[in-house]
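Fold and geometry: a report
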Amino acid sequence: MKGTGPAPTSPPSAEGPGLSSAQAKELLGRYGPNEIPEKHRNPLLVFLGYFWGPIPWMIEVAAALALLVENWDDLSIILVLLVVNGVVGFWEEHQAGNAVAALRAKLAVNARVLRDGAWALLPARQLVPGDRVRLRMGDVVPADTVLAAGSELELDQSTLTGESLPVTKNGGDTAYSSSLVARGEAAGVVSGTGPHTFFGRTSELVQVAHTVSHFQHAVLRIGNALIVTAAALAAVIEIAALLRGERLLDSLQFALILTVAAIPVAMPTVLSVTMAVGARKLAGEQAVVTRLSAMEELAGMDVLCSDKTGTLTQNKLTVGDPYALSGHDPREVLLMAALASREENQDPIDLAILSKVPAPERAPFSVLAFTPFDPKVKRTEVHIQTSQGTELSVSKGACQVLFELTHLRGEELHASESVVSDFAARGFRTLGVARREGTGPWHFLGVLPLYDPLRPDAREVVRGAQALGVQVKVLTGDQLAIGKETSRQLGLGTNILPAEVLHVSPGQGASVRSEAIDRADGFAQVFPEDKYAIVERLQAEGRIVGMTGDGVNDAPALKKADAGVAVSGATDVARGAASLVLLTPGLRVLVRAVEESRRIFQRMTSYAIYRVGETIRILLLLSLSILAFALYPVTAIMIVLLAVLNDGAILSIAYDNATVAPRPVRWEMRTVLVQAFLLGMVGVAFSFLLFFLALKVWVLPFAAIQTLLYLKLSVAGHLGIFATRTKGPFWSSRPANLLLVAVVGTQAVATLIAVSGFLITPLPLVWVGVAWAFSCLDLVVFDQLKSRVYGRLERRGPSAPHRSHLHLPSPRAWFYAARFVAPSRRIASERAVAGGPSPPEAERPPRSGGRSA
């Protein structure tokens, strides 16, 4: 059967030459690549799917009504709107599918394979049955593998079977594809690949998630509320039309088109495109976003917990001169440490030690059993036999652990601790080495110093993060002195706390402990559960926490953090837990990711204010005009033209120029509502003023008035985006060329339609100028009011904690939005006399790390 090789009848041996390249090529042709073929949907069916759903149904009903009344102009424009929406949606999904494929290719799982007698790191898709592979803690099992005799692994099969506890596998057992190696190390032979493994889709460990962020969810719920409001107003208009004796089909068609125009059809597309554009830009800089909602968390991140080794340092260890306890030789310490190391693991510490001890010097010793490093016990152990037949056990690991293992006491303990402290003060990392003969007691041999220099860009990265208002904390498993020295070299403070502060009982001053954690520059001697606890404690204080790491011991904290970042060379487990995967060394790209996420934040906020404000503007103008004056200020075809031109061009905001906020930002729905309400009300005021002047003062023909109002709505609507994209004057930030061209181009088309009379009544040039003048005045007035309201909102502070769920705005929220636009001095003075704070201040949460944009 394709993809499945012959299963061994007995456990394979731990040693063997492996396959040759020629054999592997022949088997790859026979069994196929080690992957599951993706099922591709029919593109035609995907495209037709965009014409099936609540919003397309409403547009299609409107088209059917236009057909019934034989209104061919309306029918043609409505059909254009329907097709344009389908084409844009289909194209964006197609592009997203290509992006997913690219990301999966970058995040593909690799495997250590014995080919042509040498161990190599190959993509898992190249594995074939019969390949000899090596598995170690933190790996994803790349294919169904029969473990070698004498092996013992603990596998996390929760992604396969749902079992929460690890499962022990011994020699002869099959380690299933996609399970995670929780503990142990073993060799094995691949028995099955591709779709015929127990679960072959290793790439699904790291999923490109299309999670809807809190902000998107809240904005979409506002959109749903606007749809309901539009439908309700359309129903009222329909009832009023029937009472006035108008034709049912005409009034019903207008009501449907009004509802369609008010629906934020492009809102989901614009939000997704905006975030996807940012994600693609980061991908070009070798940073892969595995879930889009992480862009939101990066924008609000105010503390970054960074793993030291391999992230802030080069992870290129150099071995110094060993310290040997009395009676032992430094060369003996180095040799024993080398015997407790494995070259095939490609571990940086092991490689640094082995580089100091030539293979001939290690040749007289035979390895009988090897226990790999376990972060729980912080040491590794090897059982060896000398050429004379003597059996020895050697262990290397954290000095404190080996002090306890060997029961080191008295002067020897004092001298060894002094050496460790001296090495630490000089920036060295230390490993203890111990040995025992047979089953006798353990003896401490000495200390091995290793130095891991900082990355060249580490200090610059830290300064860049601090300039963005992000506090950096260093987390390390090394001694306290090393943590302080590393922190000092990075330009941080030396307030490094030991991990023990995390484990005091709740009665020992929880508030004082939380404050100490918040103010610390880092933590030393941390275990995996300590990293998780640090992130959890900071989150409990309202901080938005980022966590970087590369090892399996970092995975829990990466998963818990708001923004988990797996750095270059991270294990598969760490990549699977992270929301951002860096493919180049260092954290320079992380700073750029924070900057890009804040630009995305600004673009999304600008669009949300614009779109909600435009919906308010259209709904109120049309509804009030129809109900109060029994007049239709614009025709159905004009509403459709507004929807086609404005929603289509506004997609370009995803590529707009945006500034980087100097401090962490968060989604302020109160700000969105207030500014959107202000934009809508200013627009309605100027539109009604123009309507009144044209109708009562200038006494224009009503058909010309409708064209005049259409042009004003179109131009003022798009000019509004220039004001919503900045907090200061609209001219303070130049829009991107694409946005500028899109706005100018669409409004030139709208003006040409008004002048030429295409589908609507033509308008003389002088009145075209009037419409543009009112639109520009609308922009200037809103721009001035906007800046003042921003200042007022920022003085009042954030309205809700970052972590609170964003609920659908209540009527009370809309009331406060109106009150912000037209505040009452009398109410303010009464509160001042009473000595009470305003409601938003009274409801303000305790201080948190997040800042308002």
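First, a word on scope: everything that follows refers to the structure included in this document. Keep in mind the model is a prediction, meaning the values are calculated, not measured.

Looking only at helices and strands, the chain has 30 helices and 23 strands in total. Burial analysis of the chain (853 residues in total) assigns 53% to the buried set. As presented, the chain carries roughly 36000 Å² of accessible surface, and 60% of it is formed by carbon and sulfur atoms.

The next subject is the packing of aromatic side chains. Using the criterion set out here, one finds five aromatic pairs in the structure. Ring geometry for Tyr607 against Tyr610: centres 6.2 Å apart, planes inclined by 45°, an arrangement best described as tilted. Of the two residues, Tyr607 and Tyr610 both sit in helix α22 (residues 588–629), three residues apart, roughly one turn of that helix. Assigned by exposure class, Tyr607 and Tyr610 land together as buried. Between the NZ or CZ atom of Arg342 and the centre of the ring of Phe370, over which it lies, the distance is 4.7 Å. Sitting over the face of the ring of Trp442, Arg379 holds its NZ or CZ atom 5.9 Å from the ring centroid.

In this structure, Val634, Leu708, Tyr710, Leu711 and Ile721 are the most contacted members of the largest nonpolar core, which totals 52 residues. Those elements that place two or more of their residues in this core are α22, α23 (636–649), α24 (669–697), α25 (702–724), α26 (737–756) and α27 (765–796). Of all the elements, α25 adds the most residues to this core, at twelve residues. Apart from the residues within four sequence positions on either side, Ile721 is in contact with Ser606, Tyr607, Tyr610, Ile650, Ile653 and Val743. Counting residues in hydrophobic clusters, the runner-up holds 39 residues, among them Met275, Val565, Met604 and Val665.

All right, on to the pattern of salt bridges then. When charged atoms on two side chains of opposite charge get close, those side chains can pair. For the structure shown, the criterion picks out 22 salt bridges. Ionic pairing is found between Arg488 and Glu485, a salt bridge with its closest N-O pair at 2.7 Å. Of this pair, Arg488 and Glu485 both sit in helix α17 (residues 480–489), three residues apart, which is roughly one turn of that helix. Its salt-bridge partner being Arg725, residue Asp656 comes within 2.7 Å of it at the nearest N-O pair. Here Asp656, found in the loop between α23 and α24, pairs with Arg725, found in the loop between α25 and α26; they are 69 residues apart in sequence, far enough to count as distant.

Turning to helix α16 (residues 458–467), a few remarks are in order. Buried within α16 are the following residues: Ala458, Val461, Val462 and Ala465. Seen from one end, α16 has its buried residues packed into an arc of 100°, which puts them on one side. In this structure, α16 carries Arg463 and Ala467 as exposed residues pointing more than 90 degrees from its buried face. At the exit of α16 stands Gly469, carrying a positive phi of roughly 80°.

Spatially, β9-β23-β22-β21-β10-β18-β20-β19 is the arrangement adopted by the eight strands of the open sheet, whose pairing is mixed. Among the strands making up the open sheet, the edge pair consists of β9 (287–289) and β19 (496–498). Recorded for the sheet is a direction-independent mean angle of 20° between the axes of neighbouring strands. Pairing between strand β10 (residues 303–307) and strand β18 (residues 471–475): five bridges, direction parallel. When the sheet's bridge partners are listed, Asp307 is paired in β18 with Leu475. Packing of α17 onto the sheet brings it into contact with β19 and β20 (522–524), and relative to β19 it is tilted by some 160°. Lying over the sheet, α22 contacts β9, β10, β21 (545–549), β22 (563–566) and β23 (580–582), oriented at roughly 145° with respect to β23.

In this section: the pairing of strand β8 (residues 180–192). Taken residue by residue, a regular strand's side chains alternate between the two faces of the sheet. With eleven of 13 residues buried, β8 is to be regarded as a mostly interior element. Sheet topology places strand β3 (residues 132–136) next to β8; five bridges connect them, and they run antiparallel. Within β8, the residue paired with Leu135 across the bridge is Ala186. Here four bridges tie strand β4 (residues 144–147) to β8, and the two strands are oriented antiparallel to one another. Residue pairing in the sheet places Thr145 in a bridge with Val190 of β8. Summarising the sheet, strand β5 (residues 152–156) and β8 pair through four bridges and their orientation is antiparallel. Looking at the pairing, Leu155 lines up with Val181 of β8.

A cluster of nonpolar residues, Leu44, Leu45 and Leu48, forms a patch on the protein surface that exposes about 320 Å² of accessible area. Residue placement: Leu44 occurs in helix α2 (residues 43–49).

So, about the pairing of strand β15 (residues 391–397). Among the seven residues in β15, six count as buried, and that is most of the element. Direction of pairing for strand β14 (residues 379–385) relative to β15: antiparallel, over a ladder of seven bridges. Counterpart to Thr380 in the pairing with β15 is Lys396. Between the end of β14 and the start of β15, which pair antiparallel, lie five residues, with Gly389 showing a positive phi angle near 95°. Examined bridge by bridge, β15 and strand β16 (residues 429–437) share six bridges and lie antiparallel to one another. Bridged to Val394 within β16 is Arg435.

Tracing the chain through its elements places Ser514 in helix α18 (residues 510–519). Along the primary structure Ser514 and Leu502 are separated by twelve residues, whereas in three dimensions their C-alpha atoms are 9.0 Å apart.

Between the first and last C-alpha of helix α15 (residues 410–425) there are 23 Å, a value that for 16 residues agrees with the 22 Å anticipated at 1.5 Å per step. Buried residues of α15: Leu413, Ser416, Val419, Val420, Phe423 and Ala424, and no others. Summarising the axial view, the buried residues of α15 lie within an arc of 135°, below the 170-degree limit, and thus occupy one face. Turned more than 90 degrees away from the buried face of α15 sit Gly410, Glu411 and His414, all of them exposed.

Scoring rules and cut-offs
- Within any chain, residue numbers begin from 1 and follow the written order of that chain's sequence.
- A pLDDT threshold of at least 70 governs which residues receive local features in this predicted model, and a stricter bar of 80 or more applies before side-chain atom pairs are shown or counted, although totals over entire chains, interfaces and linings include all residues.
- Here the side-chain values reflect all heavy atoms present in the structure, with hydrogen atoms and water set aside.
- Counting from the N terminus, the helices are the DSSP runs of H or I reaching at least four residues and the strands are the DSSP runs of E reaching at least two.
- Accessible area is worked out with a 1.4 Å probe on protein chains only. A residue is then buried under 20% of its type maximum, exposed over 50%, and partly exposed in between.
- Surface accessibility follows the Shrake-Rupley procedure with a 1.4 Å probe radius. Residue values consider only the protein chains on display as shielding.
- Aromatic rings from Phe, Tyr and Trp, taking only the six-membered ring of Trp, are treated as a pair when their centres fall within 6.5 Å; an angle between ring planes under 30 degrees marks them as stacked, one over 60 as edge-to-face, and anything in between as tilted.
- Here, a charge over a ring means that NZ of Lys or CZ of Arg falls within 6 Å of the ring centre while also lying within 35 degrees of the ring normal.
- Throughout, nonpolar core names a set of buried Ala, Val, Leu, Ile, Met, Phe, Trp, Tyr and Cys residues whose side chains join them through atoms within 4.5 Å.
- Residue contacts are counted whenever heavy atoms from the two residues lie within 4.5 Å of one another.
- Any carboxyl oxygen of Asp or Glu that lies within 4 Å of a side-chain nitrogen of Lys or Arg is treated as forming a salt bridge with it.
- Think of the arc as the fan of directions from the helix axis to the C-beta atoms.
- One requirement defines pairing of two strands: DSSP has to find at least two bridges between them.
- Axes here refer to lines fitted to C-alpha atoms; in helices the fit is confined to the stretch in contact. Angles between the N-to-C directions go from 0 to 180 degrees.
- Note on patches: the residues involved have over 30% relative accessible area and no salt bridge, like charges join within 9 Å, and the nonpolar side chains Val, Leu, Ile, Met, Phe, Trp and Tyr join within 5 Å.
- Expected span of a helix: the number of residues minus one, times 1.5 Å.

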